[in-house]
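Report on the structure
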Protein chains: 2
Amino acid sequence: MPLQTPRPQPIIAIHGGAGTLSRSHISPEQEALYHGALGDILLAAQQMLAEGGSALDAVSLAVDGLEDCPLFNAGHGAVFTHDATHELDAAIMDGASLRAGAVACVSRVRRPLRAARAVMEHSEHVLLVAAGAEAFAKSCGLEMVEPDYFSTPSRRAQLEKALASDATLLDHDASALVFAQRSTGQAPLDEDRKLGTVGAVALDAHGNLAAATSTGGMTNKRVGRVGDTPLIGAGTYADNRTAAISCTGTGEMFIRTLTAYDICARMAYAGQSLDAAAQTVVMQVLPTIKGRGGLIAVDAQGNLSMPFNTEGMYRGYARVGEAVQTVIFR
Amino acid sequence: MPLQTPRPQPIIAIHGGAGTLSRSHISPEQEALYHGALGDILLAAQQMLAEGGSALDAVSLAVDGLEDCPLFNAGHGAVFTHDATHELDAAIMDGASLRAGAVACVSRVRRPLRAARAVMEHSEHVLLVAAGAEAFAKSCGLEMVEPDYFSTPSRRAQLEKALASDATLLDHDASALVFAQRSTGQAPLDEDRKLGTVGAVALDAHGNLAAATSTGGMTNKRVGRVGDTPLIGAGTYADNRTAAISCTGTGEMFIRTLTAYDICARMAYAGQSLDAAAQTVVMQVLPTIKGRGGLIAVDAQGNLSMPFNTEGMYRGYARVGEAVQTVIFR
């Protein structure tokens, strides 16, 4: 059993996707870009938590930052669908009330996570998709953009390479599609094999947990495909009685095994610790159906677990009163 | 502990939605219509299971029948959205492989459950939505229809009444929207308070479980709203190691507590029986967040549980070798 601190310090953890090592040489400058982006976002969220801010606000702030950063596949810098469009998904959950909100297949909302939060706070629904989700976001006064706002030259290059290799992909097992991204040779994790999502989990000074996740999905994905990110219990879950979790990986396998909720269920019903539950789900359950990726999780005692079954995962965390930590590889 | 039969007889169970008693007088003829529809569908699925058919095929056949029957809110006879359109959702899951498929917000696929099954069997995805889901269904050769195929005069009357009462609804708690349906005075369960969904769960002679659910959602719902039906683990789940479950109710509460998967988790991790887990989820967990509705569930030993926290639920079951049973009220 982990030691239970009576009043754990608030903590924020974030991720920017999981994947394998890049085949190309990585310069220290390139790697530093990623550490810098993760570190800046953690610092801002840590500051908010130190000032008594809520876990919900901290994960919202962190995902705002990750969506705006073109290094990560969410918001600006999202990958392209097969039809050269963008379809973004996001979800947020409040561990204190079990309220949740999510959007899927939106292409005109600048910050999809804010749309998810609006669904949670200003509708009676949990999940809105496509044009209906966009109309709702607009009615809430959220910033709308032209779909090309999300486009970047490197993501377009990834799509062109993926489209060019389609014939080859048809020869593979269906799950190979997930790995269809082609490397730009500039990122620490191979963009060929990057499972792009961003997310955040937090525990605040009031003992409340929250989780948020946002993604552009996978390069060359079928229009209308929804992965685990916006599905409550699959890619995102938070419950003060157990944990807050945000996932990244081959979404379909996370949906079929309810990765995020399964950790909470193992803690609640089998008495597993956060780390035991998270490790079991990522290292044992997901591999049985060829699920690849990882997750970040915190519990109400401030325990942290960030397992992944790929070679790396952009990640980091910051406890109030301690130095910010960012890591990419094992 | 329930008695565990070494070779349990195959069983199929179905539901046609939960709700409260109708305020209007119910004639024996009206009630007989519902019993007849449920009974015919059960008989066909029971026959299929008796001949060695798979659980997947049995739940598919049953939901085909429920979708085609205008008495139930799925397929032909689906309710209208606020914009007087139809948006249908469906999901299916195979307990042997944990494969799953789902569609949401489709309006041109005659049988949404068949589209969900096509996603499971012919794509690498689990959930496709809106136009992308329809394009996929069409590419699989499924029957497409004009959206008004789903319309019936009584559903249109329900929408008109719901729209007329919008001003009143705004005075209520958000969850009241779920109860916005207005009675046509012809159904045993009050269409005012009907939580419309159809579903089926089955255990076949090979020991495999499957679950399927299909719905038109709720009258006057916001365009783009996705409820629990097509979300794996919320409204639909099947795992040979535990159970197959199909839910009906106030979808958002089922999403937030992962109703279907939670039953499996309680069985797997807490050692609860199917009935104990199902009763706890419906009678204790859902009410804490004002969740209303019910579910049908079977496990690999052939145990059956059909709890609901409303006044009635259209439901029935048939074990191979035994008489078909149909029930509406408690």
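1. Brief notes about the overall build of chain A
Check the secondary structure of chain A and you find nine helices and 13 strands. Of all 330 residues assigned to chain A, the portion counted as buried reaches 62%. Surface summary for chain A: the accessible area is close to 11200 Å², and the carbon and sulfur share equals 52%.

2. Some words on the packing of helix α2 (residues 55–68) of chain B against helix α3 (residues 112–122) of chain B
All names here are of chain B. Where α2 contacts α3, the two axes come as close as 8 Å, and the packing angle between them is 150°. Classified by the angle between their axes, α2 and α3 sit roughly antiparallel to one another. Taken together, the residues of α3 that come into contact with α2 (itself represented by Leu56, Asp57, Ser60, Val63, Asp64 and Glu67) are Pro112, Leu113, Arg114, Arg117 and Met120. A breakdown of the residues in the contact of α2 with α3 according to their chemical character gives five nonpolar, one polar and five charged.

3. With respect to the pairing of strand β13 (residues 325–329) of chain A
Residue and element names in this part refer to chain A. Across four bridges, the pairing between strand β12 (residues 312–319) and β13 is antiparallel. What sits directly across from Tyr317, in β13, is Gln325. Counted between consecutive antiparallel strands, the loop separating β12 from β13 contains five residues, among which Gly321 sits at a positive phi close to 90°.

4. Describing the sheet that holds strand β8 (residues 236–238) of chain A
Residues and elements named next belong to chain A. Strand order in the open sheet formed by four strands is β8-β9-β10-β11, and the pairing between neighbours is antiparallel. The open sheet has two free edges, formed respectively by β8 and β11 (304–305), since each of these has just one partner strand. Pairing of strand β10 (residues 293–299) with β11 involves two bridges; the strand directions are antiparallel. Across the sheet, the residue bridging to Val298 is Leu304, located in β11. Across the sheet, helix α8 (residues 259–270) lies against β8, β9 (243–249) and β10, angled at about 145° from β9, the strand it touches most. In the packing of helix α9 (residues 274–288) onto the sheet, the strands contacted are β9, β10 and β11, and the crossing angle to β10 comes to about 165°.

5. Some details on the interface of chain A and chain B
Each partner contributes residues to the interface: chain A has 38 residues there, and chain B has 38 residues. The contact between chain A and chain B buries some 3400 Å² in all, and 67% of this surface belongs to carbon and sulfur atoms. When the buried surface of chain A facing chain B is broken down by residue, Glu124(A), Arg256(A) and Tyr269(A) rank first, second and third, together holding 21% of it. At the surface where chain A touches chain B, the tally comes to zero salt bridges.

6. Brief notes about the sheet that holds strand β10 (residues 293–299) of chain B
All names here are of chain B. If you trace the four strands from one edge of the open sheet to the other, you get β8-β9-β10-β11, paired in antiparallel fashion. The open sheet has two edge strands with one neighbour each: β8 (236–238) and β11 (304–305). Seen against the sheet, helix α8 (residues 259–270) touches β8, β9 (243–249) and β10 and runs at an angle of roughly 145° to β9. With respect to the sheet, helix α9 (residues 274–288) is in contact with β9, β10 and β11, its orientation differing from that of β10 by roughly 165°.

7. A few points about the packing of α8(B) against α9(B)
Angle between the axes and distance between the axes: these two values describe a pair of packed helices. Residue and element names in this part refer to chain B. The interhelical angle for the contact between α8 and α9, taken along N-to-C directions, is 135°, at an axis separation of 9 Å. Between α8 and α9, the interaxial angle falls into the category oblique. Where α8 crosses over α9, the handedness of that crossing is right-handed. Taking contact as the criterion, the partners of Thr259, Asp262, Ile263, Arg266 and Met267 in α8 are, on α9, Leu274, Ala277, Ala278, Thr280, Val281, Val285 and Leu286. Across the contact of α8 with α9, the residue classes tally to eight nonpolar, two polar and two charged.

8. Let's talk about α9(A)
Residues and elements named next belong to chain A. Spanning 15 residues, α9 covers 21 Å between terminal C-alpha atoms, matching the ideal 21 Å at 1.5 Å per step. Along its length, α9 reaches its greatest deviation from straightness, about 35°, at Val281. Restricting attention to buried positions, one finds in α9 the residues Leu274, Ala277, Ala278, Thr280, Val281, Val282, Val285 and Leu286. Buried residues along α9 sit in contact with β9, α7 (251–257), α8, β10 and β11. Two residues or fewer past α9, Lys290 is found with a positive phi of approximately 65°.

9. Things to note about the pattern of salt bridges
What the rule picks out here adds up to 24 salt bridges over all chains. A salt bridge links Glu143(A) to Arg110(A); its shortest N-O distance comes to 3.3 Å. Of this pair, Glu143(A) sits in the loop between α4 (130–139) and α5 (153–164) while Arg110(A) sits in the loop between β3 (99–106) and α3 (112–122), and the two are 33 residues apart along the sequence. Here Glu143(A) falls in the partly exposed class, since its relative accessible area comes to 42%. Here Arg117(B) makes a salt bridge to Glu121(B), at a shortest N to O gap of 3.0 Å. Linking Arg117(B) with Glu121(B), this pair stays in helix α3, spanning four residues, or about one helical turn. You can call Glu121(B) partly exposed: its relative accessible area is 35%. Overlapping salt bridges bring together Asp64(A), Asp68(A), Arg110(A), Arg111(A), Arg114(A) and Glu143(A) as one network.

10. Observations concerning the pairing of β9(A)
All names here are of chain A. Of all seven residues in β9, seven are buried; the element is thus mostly enclosed. Side-chain alternation along β9 places Ala243, Ile245, Cys247 and Gly249 on one buried face and Ala244, Ser246 and Thr248 on a second face that is also buried. Strand direction decides the pairing type here: β8 and β9, joined by three bridges, are antiparallel. Residue pairing across strands places Ala238 opposite Ala244, the latter belonging to β9. Taking the residues between adjacent antiparallel strands as the criterion, β8 and β9 are bridged by four residues. Bridging between β9 and β10 involves seven bridges; their strand directions are antiparallel. Counted as the bridge partner of Gly249 is Gly293 from β10.

11. Some remarks on the environment of Gln301(B)
Residues and elements named next belong to chain B. Along the chain, Gln301 falls in the loop between β10 and β11. Exposure remark for Gln301: the relative accessible area of 26% places this residue in the partly exposed category. Residues Gln301 and Ala130, 171 residues apart in the sequence, show an inter-C-alpha distance of 38 Å.

12. A few points about the relation of the copies chain A and chain B
Mapping chain A onto chain B leaves a residual RMSD of 0.0 Å; the transformation is a rotation of 180° accompanied by 0.0 Å of translation along its axis. What we have between these two chains is a two-fold relation.

13. Concerning the confidence of the model for chain A
Residue and element names in this part refer to chain A. Of the residues in chain A, 89% reach a pLDDT of 70 or more, and the chain-wide mean stands at 89. A low-confidence stretch, residues 167–185 (pLDDT under 50), is modelled with 41 contacts involving residues beyond four sequence positions or located in other chains. Overall fold confidence (pTM) sits at 0.92, and the ipTM for the predicted complex is 0.91.

About the cut-offs
Residues numbered from 1 in each chain as written. Chains lettered and ligands numbered in written order. Predicted model: local features only at pLDDT ≥ 70, side-chain atom pairs only at ≥ 80, totals over all residues. Heavy atoms only, no water. Helix = DSSP H or I, 4+ residues; strand = E, 2+ residues; numbered from the N terminus. Buried < 20%, exposed > 50% of the residue type's maximum accessible area, 1.4 Å probe, protein only. Areas by Shrake-Rupley, 256 points an atom, 1.4 Å probe, with all protein chains shown as cover. Axes fitted to C-alpha atoms, helices over the stretch in contact; angles between N-to-C directions. Parallel < 35°, antiparallel > 145°, perpendicular 65-115°, else oblique. Contact = heavy atoms within 4.5 Å. Nonpolar A, V, L, I, M, F, W, Y, C, P; charged D, E, K, R; others polar. Pairing = 2+ DSSP bridges. Buried area = accessible area lost by both parts, 1.4 Å probe. Salt bridge = Lys/Arg side-chain N within 4 Å of Asp/Glu carboxyl O. Left-handed = near helix turned anticlockwise from the far one by under 90°. Expected span 1.5 Å × (residues − 1). Bend = angle between axes of the 7 residues up to and from the residue. Least-squares fit on C-alpha atoms with pLDDT ≥ 70 in both. pLDDT = per-residue confidence, 0-100.

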